[in-house]
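The lines below spell out each chain.
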Amino acid sequence: MGSAEDLRKKALELQMAEMERDEKIKAREAKKHAEFVEDFFREHIGEKERAMIKRLVMKAAADGKFEAMIYSFPSSFCDDGGRAINNSLPGWQKTLQGKAKEIFDLFEELAKPQGYGLKALIINFPEGIPGDVGLFLTWEPPID
């Protein structure tokens with residue numbers, strides 16, 4: 001066992017190493033978030049994403065469900081911060097941007113004519129504030 005000074009130095013070294021590791025994790029998460037934002041606003045829905053959406057819908061249908069969440073994104077990506085979606089206001093579709101708008105446009109063109117519906121909901125509320133938006137493709141039977 002060394003001196004108290006040696007133990008203090010060792011503890012400080014461990015704290016410094018932990019801080020460096022935390023900083024690397026934060027930097028990696030920030031980079032991942034920046035790439036997601038860039039992809040959301042600059043790229044288009046590709047074949048890989050379309051195939052994933054199809055798999056989600058087919059799995060939900062096979063499980064006896066009448067809807068599937070096909071996409072999610074931060075409500076801050078809506079031009080009103082998700083307010084219209086959170087309050088179920090008419091015209092919420094006009095607040096969509098980036099890939100979310102592209103998904104809505106694809107829905108209007110391809111899925112809606114085949115009897116599908118699309119709804120948007122705030123799916124979480126971190127600290128009571130609207131968090132992420134979920135876009136749900138629906139195929140509920142009509143109510144007579």
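Details of the structure are given in the entry above.
Residues numbered from 1 in each chain as written. Predicted model: local features only at pLDDT ≥ 70, side-chain atom pairs only at ≥ 80, totals over all residues. Heavy atoms only, no water.

1. Considerations on the overall build of the protein
And then number 1: Scanning the protein from terminus to terminus reveals four helices and three strands.
And then number 2: Put simply, the protein runs from its N terminus to its C terminus through helices and strands in the order α-α-β-α-α-β-β.
And then number 3: Over its C-alpha atoms the protein spans a radius of gyration of 22 Å, topping by over 25% the 15 Å that the globule rule assigns to 144 residues.
And then number 4: Taken along its principal axes, the extent of the C-alpha atoms in the protein is 80 × 35 × 30 Å.
And then number 5: Across the 144 residues in the protein, those meeting the buried criterion constitute 26%.
And then number 6: Across the protein, the fraction of contacts at a sequence separation of at least 24, relative to all contacts at a separation of at least 6, is 57%.
And then number 7: For the protein, the accessible surface area stands at approximately 10400 Å², while carbon and sulfur atoms represent 56% of it.
And then number 8: In the protein, which carries 22 positive and 26 negative side-chain charges, the distance between the mean positions of the two groups comes to 3 Å. (Helix = DSSP H or I, 4+ residues; strand = E, 2+ residues; numbered from the N terminus. Rg over C-alpha atoms; globule rule 2.2 N^0.38 Å. Buried < 20%, exposed > 50% of the residue type's maximum accessible area, 1.4 Å probe, protein only. Contact = heavy atoms within 4.5 Å. Areas by Shrake-Rupley, 256 points an atom, 1.4 Å probe, with all protein chains shown as cover. Lys, Arg positive; Asp, Glu negative; His and termini not counted. Charge placed at Lys NZ, Arg CZ, Asp CG, Glu CD.)

2. Comments concerning the side chain of Thr-138
And then number 1: Structurally, Thr-138 is set in strand β3 (residues 132-138).
And then number 2: According to the relative accessible area criterion, Thr-138 is buried, its value standing at 11%.
And then number 3: Those residues in contact with Thr-138, other than ones at most four positions away along the chain, are Phe-66, Glu-67, Tyr-116, Gly-117, Leu-118 and Lys-119.

3. Quick notes on the packing of aromatic side chains
And then number 1: A complete count under the given rule lists three aromatic pairs for this structure.
And then number 2: Judged by centre distance (6.1 Å) and plane angle (70°), the rings of Trp-92 and Phe-104 are edge-to-face. Taken together, the residues span a long stretch of sequence, with Trp-92 in the loop between α3 (83-86) and α4 (98-111) and Phe-104 in helix α4 at a distance of twelve residues. The pair Trp-92 / Phe-104 is uniform in exposure class, with both members buried. (Phe/Tyr/Trp six-rings, centres within 6.5 Å; stacked < 30°, edge-to-face > 60°.)

4. Details of the side chain of Thr-95
And then number 1: Relative to the helices and strands, Thr-95 is located in the loop between α3 and α4.
And then number 2: A relative accessible area of 8% places Thr-95 in the buried class.
And then number 3: Sequence-distant contacts of Thr-95, that is, excluding residues within four places in its chain, are made with Phe-77, Cys-78, Asp-79, Asp-80, Ala-84 and Ile-85.

5. Regarding the nonpolar core
And then number 1: By size, the foremost hydrophobic cluster in this structure holds 27 residues, and its most contacted members are Ile-70, Phe-73, Ile-85, Trp-92, Leu-96, Val-133 and Leu-135.
And then number 2: Among the elements of the structure, α2 (47-62), β1 (67-74), α3, α4, β2 (117-122) and β3 are those that each provide at least two residues to this core.
And then number 3: The element contributing the most residues to this core is α4, with six residues.
And then number 4: When neighbours within four sequence positions are excluded, Ile-70 is seen to be in contact with Met-52, Ile-53, Leu-56, Val-57, Ile-103, Leu-118, Leu-135 and Leu-137. (Core = buried A, V, L, I, M, F, W, Y, C linked by side-chain atoms within 4.5 Å.)

6. Re α2
And then number 1: With 16 residues, α2 extends 22 Å between its outermost C-alpha atoms, agreeing within 8% with the 22 Å of an ideal straight helix rising 1.5 Å per residue.
And then number 2: Those residues of α2 lying buried are Ile-53, Val-57 and Ala-60. One side of α2 holds all its buried residues, which, seen down the axis, span an arc of 65°. Counted as exposed and oriented over 90 degrees from the buried face of α2: Glu-47, Lys-48, Lys-54, Arg-55, Met-58, Lys-59 and Ala-62. (Expected span 1.5 Å × (residues − 1). Arc of directions from axis to C-beta.)

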